[in-house]
Amino acid sequence: MHPNLHLWLIPFLCFLGFACNLLLGRTWSQKTAGWVGVLFPAAAFVDALWVVSQWSRITVPYLETHSPWIAAGPLTIPYGFQLDQLSLVMMLIVTGVGLLIHVYSLGYMAHEGGFYRFFAYLNMFMFFMLLLVLAGNYLLMFIGWEGVGFASYVLIGFFFRKDSASAAGMKAFITNRIGDFGFLIGLFFIFDHFHSFDYTTVFAQVRQMPVEHAWSGLLTVIGLLLFVGATGKSAQIPLYVWLPDAMEGPTPVSALIHAATMVTAGVYMVCRSAAIYDRAPLALSVVLATGALTAIFAASIGILQRDIKKVLAYSTVSQLGYMFMACGAMAYGAGIFHLMTHAFFKGLLFLGAGSVIHAMSGEQDMFRIQALAPGGLRRYVPITFWTFLIATCAISGIPGFSGFFSKDKILYEVLSGQHPNAFWWAVGTIAALMTSFYMFRALFVTFLAGPETAALSHPTGQEPRAVEAHSVDAGFTAGHAEHQAAHPPAHEAAHPHESPASMTVPLIILGILAAFGGYIGLGDRFENFLAPVFNTGVVLPTHPAASELSVSLISISVAVVGLLLAWFYYVKNRQAAENLKHSLAGLYRLVFNKYWIDELYGLVFTRPLAAFSRVVLWRIVDVGMIDGTVNGIATFARGVGSGLRRQESGNIRSYASWVGLGAVVVVLYVLVVGVR
Amino acid sequence: MSLVPAEFYWRILPELVLAGFGAVLMLIEGGGRAGNRGRLGAYVALLGSLLAFGAVFIQAANPGDAFQHMFRVDGFTVFFDFVIIGATVVVVLLSMDYLPTQHLERGEFYALLLFGTVGMTFMVGSVELIMIFISLEISSISTYVLAGYRRHAPRSTESSLKYFLLGSFATAFFLYGIALVYGATGTTQLYDVARASLTPIVGGGEADRVLLLAGALMFIGLGFKVSAAPFQVWTPDVYEGAPAPVTGFMSAGPKAAAFAIFLRIFYVALHSSGHAWFWMVYVAAILSMCLGNIAALLQTNIKRMLAYSSIAHAGYVLVAFAALGPEGISAVMFYLAAYVAMNIGAFAVVSHFAHREERYVDVKDYAGLGFRFPVPAFCLSLFLFSLIGVPLTGGFFGKLYVFRAALDAHLVGLTVIAVLNSALAAFYYLRVVVFLYMRQPAEEIAAPPMTGAFSLVMIACVAVVIWLGVFPNRVLEFASRSAAQMLR
């Protein structure tokens, strides 16, 4: 007899926090609102720990169903929750990292308006995210999925008075709608075929089905459609464009939603659907290729970004690509492992970046930070520096740190697992080199002293092709000039200072996790723990192309080379970087402008759409058809008095002729078709 | 010995109550003192509509036919009576908030509202075509007058006149259709028509063809009433010109009632020719969704936008209609219930913000209102999310059931078009939300304080939208049972 875990309580606690702050927060002091906002996620975390303590007493998967939510004829969907190894791990990541980031926000958001609103939204996000990971069926998961999207939308637009922030919110929302559309159609297919949304029911039937070889089997179609949803939520090619813009939101939001939890929902969903993907080799290959391409593509953009949050944003996109590579190689356990270590080190990186921005009173440009902190920012913010260093080592795959274990595992599986591909392994390894390079570049530039301090404080961003640009990356885009305008040099007087304890304590805790979190994966322990979830009945032979040790050695050397290159170009010899930039000017501009993908999307989608609405909808439909029939409502409004009667009768006649025309069509149809 | 059994009266009790209170209102308006007659009328109308709402329970306890099988009380009748009378209660409350600001409050307004409701409730209960026609006219004539109620505003008069002329035009088609039904089958009772169409009185194919033509003509008349394309042209002008609460009422009550008889006539009486009229519904559904949504994208006037969106929603309902089965009926019923709540709610907020002479009905006027008037703005956002079909609102399940009914009937193409359309629609609804919360106001618009009546409207609509979104079960079960009953 196993105990009743009351899983619903975990999301519900966060919902309570949301409701309290939303309804009463306005009347509370900032302090009360903040503590209430932290208290409920803390309670949820404690509850999650209690659930862990009951682990040995339950049979897995543990299903919890409440009164039917929808029960109509053949369709029965209960408010069902499911706890297994996978949702357990996700639940701990969401509540644990979420709690730390809530605490951090107490310090970070102290100077911003709308404190209670911020915590209310953050709690709402936690509610939906927990719903997503604990759901026992696809429909409830979809509600969480939509909910986190909505929460992300309001949090990105939190500084809604800033136009760029609300525009970024819209972009995120609309891009995600495209993905959700695919996801939804996939769900329709699932329901149409399996007559259920429950994981257990669906997967039990999937397990009876053979592995598909054709190009268009049912499972392949479902897998591809679900993956469309995942590319939206987890920012993969081609729908990744919203994530970098989403950095307009407050930094704790970037850490929680756009690094540690929400963006990994797509990975979670693919892993959850492992039974489907294992039987759809084509879908797996698409996942693998998309992941690898995204990993290298985003990493290359990250190399030349100046804004510290943008670097981290592209880095997130790239790391998510690794997780999808793992899924595509049928190494779901490795993917979830990387998801977890990534939650630690990327959360830490974002919080560290937030601490830097906090210290520099809002400055986000790394080169300006270097210029504004004489002697290196490292001296002013030691805790931030050391934790940031740990996280950088972790993400770069320096041996011993958490990221090393998970990334190495993924690369090994891609090379010689159940669904291997040596080409994508090579791509992933090159991306790892780039990762190490751009992360250490960010670290060195942000925290160490720059060479020519005086010159750097007057960047010449306005002059697009200045050959004699003072800083390494100055110039080349008008976007950079706008960035300068948005951050007037008023900050130069700012005195860098270490952040308060509410911010540094989460940094230290995450630092410990980022450093040592990888050791639970030693000897495949982590993956063996998850294995029952991913035991889908499909076992393919592995293709050991190389020993695990030699793959590791390659990964390690790649990480170290990246580190050394960054050190050479950004600490030892700045001039070399400058020279390299000029000799590769074309490539440099291509990458610095992010391959002009945003512009390309503008050209291919946004502008034709606008043109379509202008020419077809407006000129033809609106002006031609609607205005023609309506015959000038505007004139009517002007000449209300005398012209009334004439205008009126004209309108009605044309309306009546529309109705008459429709009637003629209907009657003709009946006479022609109805006679048979 | 009485000629008319007492249950017959119980079965039309809501209509009797409404008609009685309507008559009382006319007496007050005619004979009472000038001054606060309007307010008194409002309370009387509120009492009347609430009592009528209660009377539906008594009606529901006495199922069966009445008056020579012209009227039938079954689950279907009761369901729509609840929806329509509920909408009337809300509109009365809303008018108590709106009419005083416009200096228009008079008892006759409420009397017209109640008489219109009598027509609609008779409509949904009638199973005989002449009765349906008469009640359709009762409801329409009241609505024509209500649409022109701001009689000093040219737009409003125009709205009323257009609605009247085009409405009469469409009704003529409907009436001709009834005549043909009688000609083909020798009866106007819907269930008798259904039986007779299987054993025609005139020779074989001939009756079939006449019945089909009759169906086409009635389809035109009813298509006009529910503003389905291509008979939707009147909708934007009429909705824009009519007073905002009346627009909310028109988009809810008469529409629900018209869909109800649409269902009864086509699913029951014309069941045998379903294969032929199916394609009319199919095409009308696609046209309504696409035209409605594309045109709504271009609107800046909120009332006009909601008018086009109501055309699109008629299209979604027709999608379920095309499913041709009990699931289709119950999906239509559920969708309409959710739609009535969210649409009246949205129009309620619009009429609340409209101000004197309806000055503020442009989307730009809504800039920044989210923080100045948090409660109405939040409610409006909720209704718009429900119109989009976001989970945990009634609109979500409405759409879900509609799509499911269509998928069960293997209408995959139609469902895909509907899903695409609902994605497109999100854009113009969200634009309003963006203006509410993310734009700086150009002009600080003045809004009246929240009155008690308006708060009640908000509470009622929000409660129904959320209730249908979180616990849709009981309503859906009731709808499924009623659908089975109706087809029997």
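Residues numbered from 1 in each chain as written. Chains lettered and ligands numbered in written order. Predicted model: local features only at pLDDT ≥ 70, side-chain atom pairs only at ≥ 80, totals over all residues. Heavy atoms only, no water.

**Comments concerning the overall build of chain A**
Selection rule: Labels follow the DSSP assignment, with helices taken as runs of H or I lasting at least four residues and strands as runs of E lasting at least two, numbered in each case from the N terminus. A simple rule labels every residue: compare its accessible area, found with a 1.4 Å probe on the protein chains alone, to the largest value its type can have, and call it buried under 20%, exposed over 50%, or partly exposed in between. Note on contacts: a residue pair qualifies if any of its non-hydrogen atoms lie within 4.5 Å across the two residues. Where accessible areas are quoted, they stem from the Shrake-Rupley method and a 1.4 Å probe; at the residue level, only the protein chains shown are allowed to cover.
Scanning chain A from terminus to terminus reveals 29 helices and 2 strands. Counting the 676 residues in chain A, one finds 60% classified as buried. Contacts in chain A between residues far apart in sequence, at least 24 positions, make up 81% of those at least 6 positions apart. Element-wise, carbon and sulfur atoms account for 68% of the exposed surface of chain A, whose accessible area totals about 25,000 Å².

**Topic: the environment of Tyr79(A)**
Residue and element names in this part refer to chain A. As for its placement among the helices and strands, Tyr79 is situated in strand E2 (residues 75-83). On the basis of relative accessible area, Tyr79 is assigned to the buried category, the value being 18%. Through-space distance from the C-alpha of Tyr79 to that of Trp8 is 9.0 Å; in sequence the pair is 71 residues apart.

**Some thoughts on helix H11 (residues 244-269) of chain B**
All names here are of chain B. Our working rule: The length a helix should cover is 1.5 Å for every residue beyond the first. In this scheme, the bend at a residue equals the angle between the axes fitted to the seven residues that finish there and the seven that begin there.
Between the first and last C-alpha of H11 there are 36 Å, a value that for 26 residues agrees with the 38 Å anticipated at 1.5 Å per step. Along H11, the sharpest kink reaches roughly 30 degrees, centred on Met250 and followed within four residues by the proline Pro254. Burial of H11 is extensive: 26 of the 26 residues sit out of reach of the surface.

**Structural notes on helix H5 (residues 138-156) of chain A**
Here H5(A) spans 26 Å end to end across 19 residues, near enough to the 27 Å set by a 1.5 Å rise per residue. Counting buried positions along H5(A) gives 18 out of 19 residues, so the element sits mostly inside the fold.

**Things to note about the nonpolar core**
This is how it is decided: Throughout this description, the term nonpolar core refers to a set of buried Ala, Val, Leu, Ile, Met, Phe, Trp, Tyr and Cys residues connected via side-chain atoms within 4.5 Å.
Grouped together as the largest cluster of nonpolar side chains are 408 residues, with contacts concentrated most on Leu83(A), Tyr138(A), Phe80(B), Ile265(B) and Phe383(B). A per-element tally of this core places helix H14 (residues 326-354) of chain B first, with 21 residues. Beyond its immediate sequence surroundings of up to four residues, Tyr138(A) is in contact with Leu187(A), Ile190(A), Phe197(A), Tyr199(A), Phe203(A), Leu226(A), Ser273(A) and Ile276(A). Counting residues in each nonpolar core, the second largest holds 22 residues, with Ala295(A), Tyr322(A), Val427(A) and Ala431(A) among its members.

**Topic: the packing of helix H1 (residues 9-24) of chain A against helix H4 (residues 115-134) of chain A**
Residue and element names in this part refer to chain A. Just so we agree on the cut-off: Lines fitted to C-alpha atoms define the axes, with helix axes restricted to the stretch in contact, and inter-axis angles between N-to-C directions lie between 0 and 180 degrees. In what follows, roughly perpendicular refers to angles from 65 to 115 degrees, roughly parallel to angles under 35, roughly antiparallel to angles over 145, and oblique to any angle outside these ranges. Crossing handedness follows the turn of the near helix against the far one: under a right angle anticlockwise gives a left-handed crossing, and clockwise gives a right-handed one.
At a closest axis distance of 8 Å, the pairing of H1 and H4 adopts a crossing angle of 160 degrees. By the angle between their axes, H1 is roughly antiparallel relative to H4. Along this stretch, H1 crosses H4, giving a crossing that reads as left-handed. Between H1 and H4, the contacting residues are Ile10, Pro11, Phe12, Cys14, Phe15, Gly17, Phe18, Asn21 and Leu22 on the first element and Tyr116, Phe119, Ala120, Asn123, Met124, Met126, Phe127, Leu130, Leu131 and Leu134 on the second.

**Quick look at unusual backbone geometry**
Note the cis peptide between Ile237(A) and Pro238(A), where omega equals 5 degrees. Mapping Pro238(A) onto the fold places it in the loop between helix H8 (218-233) and helix H9 (242-245). The omega torsion across Ala229(B) and Pro230(B) is 5 degrees, close enough to zero to call that bond cis. Tracing the backbone through its elements, the reader meets Pro230(B) in the loop between helix H9 (204-225) and helix H10 (235-241). With a phi angle near 70 degrees, Leu392(B) is a residue other than glycine that sits in the positive phi range. Along the polypeptide, Leu392(B) turns up in the loop between helix H16 (374-388) and helix H17 (394-408).

**Section: the pattern of salt bridges**
All names here are of chain B. Note the following rule: By salt bridge we mean one thing: a side-chain nitrogen of Lys or Arg within 4 Å of a carboxyl oxygen of Asp or Glu.
Inspection of every chain in the model, using the stated rule, returns 18 salt bridges over all chains. Residue Arg151 pairs with Glu108 through a salt bridge whose shortest N-O separation is 3.1 Å. Here Arg151, found in the loop between helix H6 (129-147) and helix H7 (154-185), pairs with Glu108, found in helix H5 (residues 107-125); they are 43 residues apart in sequence, far enough to count as distant. Judged by its relative accessible area of 45%, Arg151 is partly exposed. Of the charged contacts in the structure, one is a salt bridge between Lys162 and Asp237, with a shortest N-O distance of 2.6 Å. One end of the pair, Lys162, is in helix H7; the other, Asp237, is in helix H10, and 75 residues separate them in sequence. As far as burial versus exposure is concerned, Lys162 and Asp237 are alike and both buried. Salt bridges sharing common partners tie together Arg155, Glu158, Lys162, Asp237, Glu240 and Arg304.

**Here's the deal with a nonpolar patch on the surface**
Residue and element names in this part refer to chain A. The line we're drawing: Patch building starts from residues that exceed 30% relative accessible area and form no salt bridge, then joins like charges within 9 Å and nonpolar side chains (Val, Leu, Ile, Met, Phe, Trp, Tyr) within 5 Å.
Taken together, the side chains of Ile383, Ile508, Ile512, Phe516, Tyr519 and Leu522 define a hydrophobic patch exposed on the protein surface, amounting to about 540 Å² of accessible area. Examining the composition of the nonpolar patch, we find that 3 residues originate from one element, helix H22 (residues 501-516), more than from any other. Within the secondary structure, Ile512 is located in helix H22.

**Details of the environment of Ser502(A)**
All names here are of chain A. Which entries qualify depends on this criterion: Under this definition, polar contacts are N or O atom pairs within 3.5 Å; protein pairs additionally need one hydrogen-donor-capable and one acceptor-capable atom, and for neighbouring residues in sequence, both atoms have to be side-chain atoms.
With respect to the element layout, Ser502 can be found in helix H22. Contact partners of Ser502, with chain neighbours within four places excluded, come to Val103, Tyr104, Leu106 and Gly107. Within polar-contact distance, the side chain of Ser502 engages the backbone nitrogen of Gly107 at 3.3 Å.

**Some thoughts on the environment of Trp467(B)**
Following the sequence through the fold, Trp467(B) ends up in helix H19 (residues 452-470). Among the residues examined, Trp467(B) registers a relative accessible area of 42% and is labelled partly exposed.

**Here we look at the packing of aromatic side chains**
All names here are of chain A. Heads up, the condition is: Each Phe, Tyr or Trp ring, with Trp reduced to its six-membered ring, pairs with another whose centre is within 6.5 Å; inter-plane angles below 30 degrees give stacked pairs, above 60 give edge-to-face pairs, and intermediate values give tilted ones.
Enumeration according to the criterion identifies 68 aromatic pairs over all chains in this entry. Summarising the aromatic geometry, the rings of Phe118 and Phe119 are spaced 5.8 Å apart at their centres and angled 90 degrees between planes, so their arrangement reads as edge-to-face. Relative accessible area serves as the criterion here: at 0%, Phe118 is assigned to the buried category. Taking the relative accessible area as the measure of exposure, Phe119 reaches 0% and is therefore buried.

**A few points about the side chain of Thr185(B)**
Tracing the chain through its elements places Thr185(B) in helix H7. Of the polar contacts made by the side chain of Thr185(B), one reaches the backbone oxygen of Val181(B); its length is 2.8 Å.

**Some remarks on the confidence of the model for chain A**
Residues and elements named next belong to chain A. Threshold: Every residue gets a pLDDT, meaning the predictor's confidence in that residue, from 0 to 100.
Per-residue confidence for chain A averages 79 on the pLDDT scale, and 82% of its residues sit at or above 70. Looking over chain A, one finds the lowest element-wise mean pLDDT in helix H21 (residues 478-486), namely 37, and the highest in helix H11 (residues 265-272), namely 93. A low-confidence stretch, residues 453-493 stays under pLDDT 50, and its non-local contacts, those more than four residues away or across chains, total 75 contacts. The low-confidence segment residues 627-650, where pLDDT is below 50, has 28 contacts with residues more than four positions distant or belonging to other chains.

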